Structure formats: structure tokens, C-alpha cells
Amino acid sequence: MGEEAMRWDLSQLVDGASPDLVKGRLSEMVEEAGRIRERYLGKIRALDAGGLLRFIEEMEAFTLRYEGAATYCRLMYSADSTDDTAKQLNDAVRTAASKVGQALAFTEVELGRLLEANPGMVDDPALGEYRHMLERRLRGVPHLLTETEERLVIAKDRNGISAWSQLQGDWLSTRVFTVEVDGIEKTMPYGEVIALYQSADRSTRIRANSVVYRELGKDELLWSSALRSVCSDHAQMCELRKYPSAMTQSLIDNDVDQETVDSLMKTIDKGVGVYRRYLRLKARLMGLPKLGNWDIVAPLPNAPEKDYTWDESRSLVEKAYTGFDGELGAWIREMYSRRHIDGEPRKGKTSGAFCSTWLSGRSAYILQSFNGKVGDVYTQAHELGHAVHAYLGSRHQRPSNYEIGSCIAECGSTFGELLLTDLLLERARTVAERQAILANVLDEFGMAAFQVSARVWFEQSMYDAIKAGVLLDGDTLARLWTEARDRVYGDAVEWLPEMRWEWTMKAHYYIPNYRFYNYPYVFAQLFVFALYRLYKEQGRGFAPKLKALLSAGSSRSPMELGRELGFDVSKEEFWAKGVKQAEEFIDMLEATLK
Ligand SMILES: [Zn+2]
């Protein structure tokens, strides 16, 4: 297959329309938002249940009508931020979205006031399908500002926080790094250089880590200015909106409660010894007295040298999902055959990977930089798990019930990774292969559950510092980062000094209204390990349960969805099950040494 197979076909989003027509659609979107404003301004707070239902349905139709054009512009830009058309379309969609947001800011405020005055409306049978969505809105009511203030917030974010965030992303995606690989100096963009972290050659890994963070550290003034502004802005907004803590907005967005997150984080704090046990075992497997930070996600030295082609990766991932459930497998095949995945590494492309839901197309689009490593195959399986979620959710839920908090949003993806693991273990013929696969699962687990927890602690420490009047300059941020990191790793790992700049490249820290993005990954990782235990017990009978979970969209809370599976997620005992599953994988790995 040619390189085209690795590039996505975005034309389906807009039925092949030209960029000018797409811009026209965006203007129509702004005009229609204006008409909705004229029709409903000042009237939502007087609606009865039937009227509210019609309003919600109208808003959903509006969302679906322009989703394709807006997604087209955003995705085109994320695939190549240096392309002139993409730049123009990205600017057009940002401007249009900001105008629509401002025009319709009153709807959230008025809906809040309506529910505040009539909390019983949440239980009205006419609105039964939207019950949980309305409950979530009601939870946000005490934190709403006036309509004028909400409009001002959107306007300030556009050239404030959003601009910092875009600068951070653009800066990172346009940096180039020169690293010596196999005796030859190579210059490459960030999306490519990070693949070297998983090089089989230890000295290449050290050089890659060192070059990247030395270079990023040189711009610490830029990164720290951006991050300080984003965090100070959030701290101020918390005061204005009367959020009791810096995490409250995230708890509401993710549809979880503080008790659940506290139990989760306490379990992690108590479980660091399990992770360190794995890190020491990995050092033994690598023949080292201790791991360096450049070894944490590295392959084992005796791991079979294997690069995967795009087609091999595709075939593995298709098989992993098909083996679990035929319908899921068919959707995965469709994602490849309709070219909904952009895997080609190139300069100007957003680093990392994501899956963008396409509700009106009942599908999704995926972006990743595929460098042929086993980690890239895992990323593909992960993002396709999100796609499966989109396929199920868009078929079973209305758009208003597809505002999935990240705790549940990461379930399909993380489960998909375990399906791939099962398939790879089944095919393993040698001890070395088995060790490589288990180490990879545990590497991923360690990152998602423990390393990510360090980031939660880091984020919390920034708000504590702001509260204490400490200036978040580059050195302070670096100190907070290393403190949070060491709480997880202790003395199990040795760090390059330049790793203190690791926080600079974490895009999510800079994204507006996206605070405390991390703990849902910890939630999902431990939740999915618990699901995996159920799957191992129940076999094929488990597939309908997972599909029901992923079909629920945001129509029920994660706590409710947990209960439906027999889990009480507010208790540490539940989360300990996830850590237990990790210990089992560690035991399996240790047993290969005997
Ligand atoms: Zn994900």
C-alpha cells in the first residue's frame, strides 16, 4: 500500500466541498447562532418541560449541522500547521467558534437559572432522556456568571489563554532537534525525535532525552510565562466562579466527585511500591543496577527487534478487536478502509495522538505519528478504542448525551490496548517475546497510573504555590515538577538533570478550561484493569457489558456505570483491584526469570 494509506481523507466531513465553501458554512453557522439568540434570549428561563425539550433538540440539530465543517478545519490544521489553507481555515473556525460561543453563552446561563428555579424539572418524564445531562447542568449552576460576564470570559480566552495554548503547540511542533543516530547526525521534528526514546540503543535514548530537554529548557521563559498565565487565570476564575478548589471544574466536567478522586489518588500513593518493584525488576532484566529515566519506557535489550509496517499494525489491531467482538472488528476495518487515520510523521503535525469524534457521520478521525514501533501499534489500538466508543455512542445517544467525561472516555481505548496485549501474548513463541510484551504492558500501566499521577500532584502544587504567593518562574516550576515526580519514583530511577524541563511539552497544561486533565487516565487505567479481570472470568459473555458501558455515552455518571458492573468506585478497596491486576502482570514477568 502507498503512503496515501497513512494520510486521512478529510473530504468526507464536508462532502468534498472546497475551502471557500467550508468558510461559507462557518459564516452560516455564525448567522444561525444569531437567529437562535434572537429566538431564545430571555425566554429559556420561562420554558416548560416540553419547551425545554424542543430547545435541546434544536441545539442538537445546530451542532450536527456544522460539526463536519468545523471538524474539517481543526483537523486539517492539526495535520499540517504550516499549510497556508489550513492556517486560514483554522483561524476561520476559531473566530467562528468564538462568535458562536459568545452569541449562545446566554443559553447555559438561562438554562442554569431555569433549573435553579425549578430543580424538579430534572425529573420530568418528558425530559427523561436528558435527565443526567440536566443533573450535570444543575451541578454547575452555583458557578455560573451573568451572561455578560460569560461573554467576556469567552472573549478574553480567545486572545488570552487560547493564544498561549496555540503558541505552546506551534512552538513545539516547529522545533527541530539534532541527534546522532548510528553515527550520523539527524535533524528531526519533535513528533519524530520522541520515537528515539524507545530505541534499542541505550546511548541513543540518552542523547535523544538530553537533546530534547536541553533544547526545550532554553525556552523556559516562554514555557513558564505561558503556564504561569494559564494557571493564574484559572486561579482567578475559580474565585470568580466560587469553585471550592482548583479541581472543582474538572470534577464537574468529568462527572465525578471529590471522594472518588481522593480514593483513587490515595490508592496510587499507597501503591508506589508496586510500581517501584516493577522498575527494579526491569533494571534486573536489563542487566542494570538501576534504571535511568531514559530506560523507563525502553524496550528490553533482548526484545525481538521488530518494526511494524502500517499494514502489519492494521492487521494486528483489526484481529485484536475482531477476536473480542465481530461488530467492533467491522468498525475498526472501516476506520482503515475509509482512511480515517493519519499516521504519517511530518513536520508541522501536532505531536502525540488523538481521536476526534464525528457524531453526524457516526464515526471518528484519528491522528498519530506512526514510526513503526510496538508503542505506535499500541497507540493505534488505543485511539481506535476511542473510535469504537464514538461508533457506539453516536448510534445510541443524542449529542447532548455524548459529553463524555474523560474517566469513561479512556475506557474503550485502554481496554483495546489489553486486547492487543492478549493477542501478542498468544502469539509469543519465546521467553524474550513474552518478557517484552509484559514489560510493555507494565510500562504503559506505570505511565498511565503512576507517572500521570505525578502530573496530577504537580498541577495541584502549582495552585498551592499561587495561593501561597509564590511566583511560578521556570526554576520554581522545575522544582515542583521534580518533587511530584520523585514522590512516585523515589530512588528507583536516576534522572538526567535536564529532565527538570519535562513539563514544558505537556500540551494539556496550557489548554483553556482543561485543568486537571490527568487523573481520568489513572481512573481509566485502574477501572479497565478491573474490567479486564471480569473479562478473564466471563470470557465472551463480557463483550455485551463493555459495549453497554461504551454505548451509555454521558447518559449516566461513572459512579452509576461502575455500579451497573458491580463496582463501588468511591472506595479505595475498589481501586486496589486495579493495582492487584498490575501485581499479577509483575508476577508473570518475574516468573519468566525462573
Ligand atoms: Zn485516550
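Parameters at a glance
Residues numbered from 1 in each chain as written. Predicted model: local features only at pLDDT ≥ 70, side-chain atom pairs only at ≥ 80, totals over all residues. Heavy atoms only, no water. Pairing = 2+ DSSP bridges. Helix = DSSP H or I, 4+ residues; strand = E, 2+ residues; numbered from the N terminus. Contact = heavy atoms within 4.5 Å. Axes fitted to C-alpha atoms, helices over the stretch in contact; angles between N-to-C directions. Left-handed = near helix turned anticlockwise from the far one by under 90°. Nonpolar A, V, L, I, M, F, W, Y, C, P; charged D, E, K, R; others polar. Patch = residues over 30% accessible without salt bridge, like charges linked within 9 Å, V, L, I, M, F, W, Y side chains within 5 Å. Areas by Shrake-Rupley, 256 points an atom, 1.4 Å probe, with all protein chains shown as cover. Salt bridge = Lys/Arg side-chain N within 4 Å of Asp/Glu carboxyl O. Lys, Arg positive; Asp, Glu negative; His and termini not counted. Charge placed at Lys NZ, Arg CZ, Asp CG, Glu CD. Core = buried A, V, L, I, M, F, W, Y, C linked by side-chain atoms within 4.5 Å. Buried < 20%, exposed > 50% of the residue type's maximum accessible area, 1.4 Å probe, protein only.

Let's talk about the sheet that holds strand β5 (residues 354–358)
Strand pairing within a sheet occurs via backbone hydrogen bonds; the two strands may be parallel or antiparallel.
Here is step 1: Pairing within the open sheet is mixed, and its three strands lie in the order β4-β6-β5. Of all strands in the sheet, those bounded by a partner on one side alone are β4 (341–342) and β5.
Here is step 2: Of the pairings in the sheet, the one linking β4 to strand β6 (residues 363–367) comprises two bridges and is parallel in character. Each residue of the ladder has a partner; that of Ile 341, found in β6, is Ile 366.
Here is step 3: Sheet strands touched by helix α2 (residues 49–79): β5 and β6. Its angle to β5, the strand with the most contacts, is close to 165 degrees.

Some details on the packing of helix α17 (residues 431–467) against helix α19 (residues 519–538)
Here is step 1: Packing of α17 against α19 brings their axes to within 8 Å, and their N-to-C directions diverge by 145 degrees. Handedness of the α17/α19 crossing: left-handed. Side by side, α17 and α19 meet where Val 441, Glu 444, Phe 445, Ala 448, Ala 449, Val 452, Ser 453 and Val 456 of the first sit next to Tyr 519, Tyr 521, Val 522, Gln 525, Leu 526 and Phe 529 of the second.
Here is step 2: Across the contact of α17 with α19, the residue classes break down as 11 nonpolar, two polar and one charged.

So, a negative patch on the surface
Here is step 1: A cluster of like negative charges, contributed by Glu 180, Asp 182, Glu 185 and Asp 201, occupies part of the molecular surface.
Here is step 2: Looking at where Glu 185 falls in the secondary structure, it is placed in strand β2 (residues 184–189).

With respect to the nonpolar core
Here is step 1: Core analysis: the largest hydrophobic core is formed by 150 residues, its most contacted members being Leu 384, Phe 458, Trp 503, Tyr 519, Phe 527 and Leu 531.
Here is step 2: Counting residues in hydrophobic clusters, the runner-up holds 48 residues, among them Ala 49, Phe 55, Tyr 72 and Phe 106.

A few points about the environment of Arg 214
Here is step 1: For Arg 214, the location among the structural elements is in helix α8 (residues 202–218).
Here is step 2: Separated by 246 residues in sequence, Arg 214 and Gln 460 place their C-alpha atoms 26 Å apart.

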